[in-house]
Amino acid sequence: MRGDSVFPSTPEYNPVEENQNQNQSQNKINFYQNNFNNINDFEIVVMSENDLSAVTEIENSVANPSWKLSHFRDSFDDKNNTFCWVMKSKYNKNQVIGFALVMLILDEAHLLNIAIREEFRGKGLAAKFLKFMFEFVAKKSATTMFLEVRFFNETAKKLYQSFGFQQIGLRKKYYSAKITNNTPNGKEDAIIMSKKII
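This one's a predicted model, so the numbers in the text were calculated from it and none came from an experiment.

**Q** For this particular structure, what's the right way to read the overall build of the protein chain?
**A** Tallying secondary structure elements over the protein chain gives five helices and seven strands in all. The order of helices and strands in the protein chain, counted from the N terminus, is α-β-α-α-β-β-β-α-β-α-β-β. Within the protein chain, buried positions represent 37% of all 198 residues. About 12,800 Å² of surface is accessible on the protein chain, with carbon and sulfur atoms providing 49% of the total.

Here you go:
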């Protein structure tokens, strides 16, 4: 049996109603654009299991994704040492804007992964995440934060350097990468960086 689609009849054209609808749509656009630029309208909450698919989607949108769903799930399930958060808009708490994961080992904090959804990048949200994590790990008695960043990820390196991270080492051919002039063997070095928290 074939299920036929039933289309509603076309309503009578009403120019006044159409103009009102256009104004309402523009008001919604202006509203979200204004809040889009207000960093305080984004909140950081503990990641839930329901967020894992959206987190993986964001990871897959970066230039060279390193994590799969299984990696996020393993970190999420480690309730003793790993802390996972997502960022959401106060106006749409169903949409995950970004994520961050940190592992604590004694007095060391290790930033495992952090990313912001592509259309929300360049708005200071990653910096908001970093400030939040610094405060969190300090309360957990961590004195130093460590991270690894791709050698050619200039945007991320500049962000970390602006927060006082310094290069302390290099892991050769640590990341898989697309084959380019910079990474002809499909591998990219990782810069190890650290920052004193306390």
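**Q** Is there a simple way to explain the sheet that holds strand E3 (residues 92-105) in this structure?
**A** Within a sheet, neighbouring strands are paired by backbone hydrogen bonds and run either parallel or antiparallel to one another. Within the open sheet, the seven strands sit side by side as E1-E2-E3-E4-E5-E7-E6. Their pairing is mixed. Across the chains shown, the open sheet's two edge strands, defined by having one partner strand only, are strand E1 (42-46) and strand E6 (166-176). With direction set aside, neighbouring strand axes in the sheet form an average angle of 30°. Here E1 pairs with strand E2 (residues 82-89) via five bridges, running antiparallel. By the bridge assignment for E2, Val 46 is matched with Trp 85. Here helix H5 (residues 154-162) sits on the sheet and contacts strand E4 (108-116), strand E5 (144-150) and strand E7 (187-196); the angle it forms with E5, its principal contact strand, is near 160°.

**Q** Please clarify how the packing of helix H2 (residues 52-61) against helix H3 (residues 69-77) should be interpreted in this entry.
**A** The relative placement of two packed helices comes down to the angle between their axes together with the axis-to-axis distance. Here H2 crosses H3 at 130°, and the two axes come no closer than 9 Å. One way to sum up the angle between H2 and H3 is to call them oblique. When the axes of H2 and H3 are compared, the crossing they make is right-handed. Contacts between H2 and H3 involve Leu 52, Val 55, Thr 56 and Glu 59 on the former and, on the latter, Leu 69, Phe 72, Arg 73 and Phe 76.

**Q** Help me understand the nonpolar core in this model?
**A** Nonpolar side chains tend toward joint burial in soluble globular proteins. Core analysis: the biggest nonpolar cluster contains 32 residues, and Leu 111, Phe 129, Met 133, Met 145 and Tyr 160 have the highest contact counts within it. Of all the elements, helix H4 (residues 125-139) adds the most residues to this core, at seven residues. When residues no more than four places from it in sequence are discounted, the contact partners of Leu 111 are Leu 101, Val 102, Leu 130, Met 133, Met 145, Phe 146, Leu 147 and Tyr 160. Counting 14 residues, the second largest nonpolar core, distinct from the first, contains Leu 52, Val 55, Trp 67 and Leu 101.

**Q** Hey, could you run me through unusual backbone geometry in this one?
**A** Glycine aside, negative phi is the norm for most residues, and most peptide bonds take the trans geometry. Of note, Ser 141 is a non-glycine position whose phi angle comes to about 75°, a positive value. With respect to the helices and strands, the residue Ser 141 is situated in the loop between H4 and E5.

**Q** Got a minute to help me understand the environment of Met 47 in this structure?
**A** With respect to the helices and strands, Met 47 occurs in the loop between E1 and H2. Judged by relative accessible area, Met 47 falls into the buried class, the value being 4%. Leave out the neighbours within four places in its chain, and Met 47 touches Leu 52, Val 55, Phe 76, Cys 84, Trp 85, Val 86 and Phe 99.

**Q** Could you clarify how one ought to interpret the pattern of salt bridges in this entry?
**A** Any two side chains of opposite charge can pair, given that their charged atoms come close. All told, the structure shown has eight salt bridges when counted by the stated rule. Residue Arg 73 is joined to Glu 49 by a salt bridge in which the shortest nitrogen-to-oxygen separation is 2.9 Å. Of this pair, Arg 73 sits in helix H3 while Glu 49 is found in the loop between E1 and H2, placing the two residues 24 residues apart along the sequence. Two residues, Lys 157 and Glu 154, come together in a salt bridge whose shortest N-O distance is 3.1 Å. Taken as a pair, Lys 157 and Glu 154 lie in helix H5 at a separation of three residues, close to a single helical turn.

**Q** Would you mind showing me how to read the layout of surface pockets here?
**A** It is the rolling of a water-molecule-sized probe over the atoms that shows where space remains empty. Considering only enclosed or pocket space, the largest pocket measures out at about 1,300 Å³ in volume. For the lining of the largest pocket, the leading source of residues is E4, giving seven residues. Across the lining of the largest pocket, the residue classes tally to 24 nonpolar, twelve polar and eight charged.

**Q** Would you take a moment to explain the confidence of the model for the protein chain for this structure?
**A** On average, residues of the protein chain score 85 in pLDDT, and 81% of them reach the 70 mark or higher. Ignoring residues within four places in sequence, the model shows residues 1-18, a span with pLDDT below 50, making one contact including any to other chains.

What counts, and where the lines are drawn
Residues numbered from 1 in each chain as written. Predicted model: local features only at pLDDT ≥ 70, side-chain atom pairs only at ≥ 80, totals over all residues. Heavy atoms only, no water. Helix = DSSP H or I, 4+ residues; strand = E, 2+ residues; numbered from the N terminus. Buried < 20%, exposed > 50% of the residue type's maximum accessible area, 1.4 Å probe, protein only. Areas by Shrake-Rupley, 256 points an atom, 1.4 Å probe, with all protein chains shown as cover. Pairing = 2+ DSSP bridges. Axes fitted to C-alpha atoms, helices over the stretch in contact; angles between N-to-C directions. Contact = heavy atoms within 4.5 Å. Parallel < 35°, antiparallel > 145°, perpendicular 65-115°, else oblique. Left-handed = near helix turned anticlockwise from the far one by under 90°. Core = buried A, V, L, I, M, F, W, Y, C linked by side-chain atoms within 4.5 Å. Salt bridge = Lys/Arg side-chain N within 4 Å of Asp/Glu carboxyl O. 1 Å grid on protein atoms, 1.4 Å probe; cavity = no way out; pocket = protein on both sides within 12 Å on 5 of 7 lines; lining within 4 Å. Points joined across faces, edges and corners; volume = space filled by probe spheres on them. Nonpolar A, V, L, I, M, F, W, Y, C, P; charged D, E, K, R; others polar. pLDDT = per-residue confidence, 0-100.

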